[in-house]
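# Coordinate analysis (summary)
One letter stands for each residue in the lines below.
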Amino acid sequence: IANARVLLQRGLRINGGTSPDMWVQYFALELHYVQKLRGRREILELGLTEGGPTGDGEEAGDSAPGGMPASLLPARIIYSNAIKTMRDDGVPFRLRFVEACRMFPRTGALERFVMDSVADDFGDSVEG
């Protein structure tokens, strides 16, 4: 994962951060990584408890302000940096992040964060 991060970060730097596809792929990479870690955690918990994993797979106290699991914070930061860099791309660019969230389980809090940012930045605007 570290090498993939480095490559995507280099690509973003070389392109001046203006490649929407690279931002979305970087975001999806972090969601893949979170999913991999959750899978490992569930396997380990199955060995420790007879009832299997509980809740949403996040440990108690493992959440950031706003109720988002701490494991999703890197993806949230990537999204925030992407919208700062790609200010002129509007709503369709941001909806690509929502689509990426929907490809992974337990990303509802992150999806709500993205949609809230769309509502905050664009409000009732018909343009996007």
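Everything here concerns the structure above.
Since we're looking at a predicted model, the values are computed, not measured.

### Section: the nonpolar core
In terms of nonpolar packing, the biggest core is built from 29 residues, with Trp23, Phe27, Phe97 and Leu110 touching the most fellow members. Of all the secondary-structure elements, those providing two or more residues to this core are helix H1 (2-14), helix H2 (20-48), helix H3 (73-85), helix H4 (90-102) and helix H5 (108-122). Per-element tally for this core: the top contributor is H2, with eight residues. The contact partners of leucine 110, leaving out residues within four places of it in the chain, are Phe27, Leu31, Met68, Leu72, Ala75, Arg76 and Cys101.

### So, the side chain of threonine 107
Looking at the secondary structure, you find threonine 107 in the loop between H4 and H5. For threonine 107, a relative accessible area of 5% puts it in the buried group. Within the structure, the side chain of threonine 107 is placed 2.6 Å from the backbone oxygen of cysteine 101, a separation counted as a polar contact. The contacts of threonine 107, once residues within four sequence positions are left out, are Leu31, Leu72, Cys101 and Arg102.

### With respect to H5
One turn of the α-helix equals 3.6 residues, which is why residues spaced by three or four share an orientation. For H5, with 15 residues, the first-to-last C-alpha span of 21 Å sits near the 21 Å given by 1.5 Å per residue. Of all the residues in H5, the buried ones are Ala109, Leu110, Glu111, Val114, Ser117 and Val118. One or two steps after H5, the chain reaches glycine 123, where phi turns positive at roughly 55 degrees.

### Describing the side chain of serine 19
Residue position: serine 19 is located in the loop between H1 and H2. In this structure, serine 19 is in contact with Leu12 and Met86, ignoring residues within four places of it in sequence.

### Let's talk about the packing of aromatic side chains
In this structure the tally under the stated criterion is four aromatic pairs. Ring centres of tyrosine 79 and phenylalanine 97 lie 5.0 Å apart, and the angle between their planes is 80 degrees; this geometry places the pair in the edge-to-face category. Of this pair, tyrosine 79 sits in helix H3 while phenylalanine 97 is found in helix H4, placing the two residues 18 residues apart along the sequence. Residue classification places tyrosine 79 among the buried residues on the basis of a relative accessible area of 0%.

Cut-off values and rules
- Residues numbered from 1 in each chain as written.
- Predicted model: local features only at pLDDT ≥ 70, side-chain atom pairs only at ≥ 80, totals over all residues.
- Heavy atoms only, no water.
- Core = buried A, V, L, I, M, F, W, Y, C linked by side-chain atoms within 4.5 Å.
- Buried < 20%, exposed > 50% of the residue type's maximum accessible area, 1.4 Å probe, protein only.
- Helix = DSSP H or I, 4+ residues; strand = E, 2+ residues; numbered from the N terminus.
- Contact = heavy atoms within 4.5 Å.
- Polar contact = N/O pair within 3.5 Å; in protein donor to acceptor, adjacent residues only side chain to side chain.
- Expected span 1.5 Å × (residues − 1).
- Phe/Tyr/Trp six-rings, centres within 6.5 Å; stacked < 30°, edge-to-face > 60°.

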